[in-house]
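The lines below spell out each chain.
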Amino acid sequence: MTFNEVYEKAKAIFMKADVSQITEHLAFQFNITGDGEGAFYAEVADGILRVEPFEYYDRDAVFTCTAETLFKIAEGKSDPVMAFTLGKLKVDGSIEKALSIQKLL
């Protein structure tokens, strides 16, 4: 899987989220390792979700994992806390805000 394929699949998943009730600013960067390596971000601001294939320096948290781990979490086949505990998901930044990722999945 190429980075573009990973990005497009992740974007399609995130864009299904209803963010209209999220009043806080959330910004997450995803660093994909292994197949499809690259970085993209998801940001919620003013009730609008943006997913772009770039690094985001004013982010709340950075998630680092393989594309496979990201998609398992997004599809509900893996719990993000368990993935973190098992070392399959690394989280840097605000853990409190990082837990808000479930609002987008």
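In case you missed it, the structure is sitting above this.
Residues numbered from 1 in each chain as written. Predicted model: local features only at pLDDT ≥ 70, side-chain atom pairs only at ≥ 80, totals over all residues. Heavy atoms only, no water.

Participant: Describe empty space enclosed by the protein, listing the residues and the values that go with them.
Facilitator: All chains considered together, the criterion is met by one cavity of 30 Å³ or more. Roughly 70 Å³ of internal volume is contained in the largest cavity. In this structure, the largest cavity is lined by Phe30, Phe63, Cys65, Leu70, Ile73, Pro80, Leu89, Ile101 and Leu105. If you list the elements that add at least two residues to the lining of the largest cavity, you get strand E4 (61–66) and helix H2 (67–74). Among the residues forming the lining of the largest cavity, the class breakdown is nine nonpolar, no polar and no charged. (1 Å grid on protein atoms, 1.4 Å probe; cavity = no way out; pocket = protein on both sides within 12 Å on 5 of 7 lines; lining within 4 Å. Points joined across faces, edges and corners; volume = space filled by probe spheres on them. Helix = DSSP H or I, 4+ residues; strand = E, 2+ residues; numbered from the N terminus. Nonpolar A, V, L, I, M, F, W, Y, C, P; charged D, E, K, R; others polar.)

Participant: Talk me through unusual backbone geometry; I want residue IDs and the actual numbers.
Facilitator: Of note in the backbone geometry, Asp46 takes a positive phi value of approximately 55° without being a glycine. Looking at where Asp46 falls in the secondary structure, it is placed in the loop between strand E2 (38–45) and strand E3 (48–52).

Participant: Run through the environment of Val62, naming residues and quoting values.
Facilitator: Tracing the backbone through its elements, the reader meets Val62 in strand E4. With a relative accessible area of 8%, Val62 lands in the buried category. Look past the residues within four positions of Val62 in its chain and what remains in contact with it is Gln29, Asn31, Lys90, Val91 and Asp92. (Buried < 20%, exposed > 50% of the residue type's maximum accessible area, 1.4 Å probe, protein only. Contact = heavy atoms within 4.5 Å.)

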